[in-house]
There are 2 protein chains.
Amino acid sequence: MALEAAESLVTTEGYKGLSTRKVASAIGYTVGTLYLVFDSQEDLVLQLNGRTLDALYEWLRARPALSGDPGNNLRHLAETYIAYANTETARWNVLFEYIAAEGNDLPDWYLAKLSKVFGLVEAALKPLADHRGEQEIQQAARVLWAGVHGICTLKIRHRMDLAGGQTTEQMAHMLIDNFMLGFQA
Amino acid sequence: MALEAAESLVTTEGYKGLSTRKVASAIGYTVGTLYLVFDSQEDLVLQLNGRTLDALYEWLRARPALSGDPGNNLRHLAETYIAYANTETARWNVLFEYIAAEGNDLPDWYLAKLSKVFGLVEAALKPLADHRGEQEIQQAARVLWAGVHGICTLKIRHRMDLAGGQTTEQMAHMLIDNFMLGFQA
DNA sequence: CACAATATTGAACACTGTTCAATATCGCGC
DNA sequence: GCGCGATATTGAACAGTGTTCAATATTGTG
């Protein structure tokens, strides 16, 4: 209940509109009760992000590329990722605004959800380089996707509102195409 | 004075430790006075980020690559960028945590500072593809650097604490090398 | 019905951003 | 030195925030 309420709060009021009191009252409880379920607001946000990662995974999985060409698959995956960020911007933002207090690593179940998403990229990248080792493909997938993510982040946060700018999709295509060429070589 | 105080506040207490009252009292004033100088906390953060962008530019400029090889230059630039993020983590974080209220675009002077930083990447990328147009080099520089930035972000925010992970520098090298290969082709 | 185990409350504490009437300080002409 | 207008500065007030915890309410069971 609390997490559902938190989700709609974030989507309607933005990530700054999230507060423990609002979440509590949205489900007919008081703040005190919320603190019996969650250790802190950080804990609530972490669990909310867990759900968002699940939703993102399902979003990507539900929109597979039609063609079998690896290049097309990767570009389509990037477009689908960008579309999610553009559609669920507030929730997607919370995903990366949450910064664990230093030394406070992310829990394993969270990293597992992250791995699952990266797995989709690995699968799309694999047919492109059968000659490479499993580990190298995994590393390449993470590097490439971190790159696509970076483009998406800077675009959504308006750090790319510069003269002569391309669309997010065009930038992602450029990154993927050039990276693929190099990775295949 | 206020911006200097804000800087040291962020570096000592982290980005969450920044508050208008703390900044004001750090320079011997009250909150009210601070609001005669800055429109809002958002305004203060934006100006703080402007200084950080200047500092980042100087940091990169003060550490030029020794070799003339474009590949080395780009890798060195990435390493220097990563080093800044690791050294001034809190300040660097504020740079991207600040999200302008929707419709509220970043001011031109801020975008100009961003362009200046991107210019360093363009300069490093240029000798690699003289046959390409000016605009294409600019676009490639932005795409590549957004990618390096994405790697850096996910690393610092612990989104890459997965099994079989590489260092930030290794990931950046992988991205740059493969992108370069594709871009040269 | 009683009693122990849960569940829930709401007030309290120490913060936060922001505003604005009231006050203090300053520079300058006389 | 004095007065006065222009700045500069204050600090209390408002509405919110995360978090805690003694006090209360509700529940299931013997």
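Just so it is clear, the model here is predicted, and its values are computed rather than measured.

Parameters at a glance
- Residues numbered from 1 in each chain as written.
- Chains lettered and ligands numbered in written order.
- Predicted model: local features only at pLDDT ≥ 70, side-chain atom pairs only at ≥ 80, totals over all residues.
- Heavy atoms only, no water.
- Contact = heavy atoms within 4.5 Å.
- Buried area = accessible area lost by both parts, 1.4 Å probe.
- Salt bridge = Lys/Arg side-chain N within 4 Å of Asp/Glu carboxyl O.
- Polar contact = N/O pair within 3.5 Å; in protein donor to acceptor, adjacent residues only side chain to side chain.
- Helix = DSSP H or I, 4+ residues; strand = E, 2+ residues; numbered from the N terminus.
- Nonpolar A, V, L, I, M, F, W, Y, C, P; charged D, E, K, R; others polar.
- Near = heavy atom within 4 Å.
- Buried < 20%, exposed > 50% of the residue type's maximum accessible area, 1.4 Å probe, protein only.
- Phe/Tyr/Trp six-rings, centres within 6.5 Å; stacked < 30°, edge-to-face > 60°.
- Lys NZ or Arg CZ within 6 Å of the ring centre and 35° of its normal.

**Observations regarding the interface of chain A and chain B**
- Facing 47 residues of chain A, the contacting portion of chain B comprises 47 residues.
- At the boundary of chain A with chain B, total buried surface from both sides reaches about 4300 Å², with 64% on carbon and sulfur atoms.
- It is Ile99, Arg159 and Leu162 of chain A that lose the most area in chain A upon contact with chain B, and together they represent 17% of the buried surface on that side.
- If you look at where chain A meets chain B, you find 2 salt bridges.
- Its salt-bridge partner being Lys16 of chain B, residue Glu42 of chain A comes within 4.0 Å of it at the nearest N-O pair.
- Applying the counting rule to chain A against chain B returns 10 residue pairs in polar contact (both at pLDDT 80 or more).
- For the side of chain A that touches chain B, the secondary structure elements donating two or more residues are helix 6 (89-97), helix 7 (108-125), helix 8 (134-156) and helix 9 (168-184) of chain A.
- For the side of chain A that touches chain B, the leading source of residues is helix 8 of chain A, giving 13 residues.
- Per-class residue counts for the side of chain A that touches chain B are 24 nonpolar, 14 polar and 9 charged.

**Re the protein's contact with DNA strand D**
- The local shell around DNA strand D holds 16 residues, among which Thr20, Arg21, Tyr35 and Gln41 of chain A together with Leu36 of chain B are the closest.
- For DNA strand D, the fraction of atoms within 4 Å of the protein that belong to sugar or phosphate moieties is 60%.
- At 2.6 Å, a side-chain N or O of Arg21 of chain A approaches a base nitrogen of DNA strand D.
- Residue assignment for the surface near DNA strand D shows that the elements contributing at least two residues are helix 2 (20-26) and helix 3 (31-37) of chain A together with helix 3 (31-37) of chain B.
- Class assignment of the residues belonging to the surface near DNA strand D gives a composition of 5 nonpolar, 8 polar and 3 charged.

**Some words on the environment of Val37 of chain B**
Residue and element names in this part refer to chain B.
- Inspection of the secondary structure assignment puts Val37 in helix 3.
- Assessed through its relative accessible area of 57%, Val37 is described here as exposed.
- In this structure the C-alpha to C-alpha distance between Val37 and Gly71, which are 34 residues apart in sequence, comes to 45 Å.

**Some words on the packing of aromatic side chains**
- Following the criterion strictly, the structure yields 12 aromatic pairs over all chains and no others.
- Centroid distance Tyr81 of chain A to Trp145 of chain A: 5.9 Å. Interplanar angle 70°. Geometry classified as edge-to-face. Here Trp145 of chain A lies in helix 8 and Tyr81 of chain A lies in helix 5 (residues 70-87), a separation of 64 residues in the sequence. Each member of the pair Tyr81 of chain A and Trp145 of chain A is classed as buried.
- Ring centres of Tyr81 of chain B and Trp92 of chain B lie 6.4 Å apart, and the angle between their planes is 70°; this geometry places the pair in the edge-to-face category. Here the residue Tyr81 of chain B occupies a position in helix 5 (residues 70-87), and Trp92 of chain B occupies one in helix 6 (residues 89-97), the gap between them amounting to 11 residues.
- Every member of this aromatic cluster is reached through a ring pair, and the members are Tyr81, Trp92, Phe96 and Trp145 of chain A.
- Sitting over the ring of Trp59 of chain A, Arg63 of chain A keeps its end group 3.6 Å from the ring centre.

**So, the pattern of salt bridges**
Residues and elements named next belong to chain B.
- All chains considered together, the criterion is met by 18 salt bridges over all chains.
- Here Asp54 and Lys113 are joined by a salt bridge, their closest N and O atoms 3.0 Å apart. Note that Asp54 is positioned in helix 4 (residues 41-61) and Lys113 in helix 7 (residues 108-125), a separation of 59 residues in sequence.
- Using a relative accessible area of 34% as the deciding quantity, one classes Asp54 as partly exposed.
- Residue Lys113 is classed as partly exposed on the basis of its relative accessible area of 23%.

**A few points about the environment of Gly14 of chain A**
All names here are of chain A.
- If you trace the backbone, Gly14 turns up in the loop between helix 1 (2-13) and helix 2.
- Through-space distance from the C-alpha of Gly14 to that of Asp130 is 43 Å; in sequence the pair is 116 residues apart.
- If near-sequence neighbours (up to four positions away) are discounted, Gly14 is found in contact with Leu9 and Ala90.

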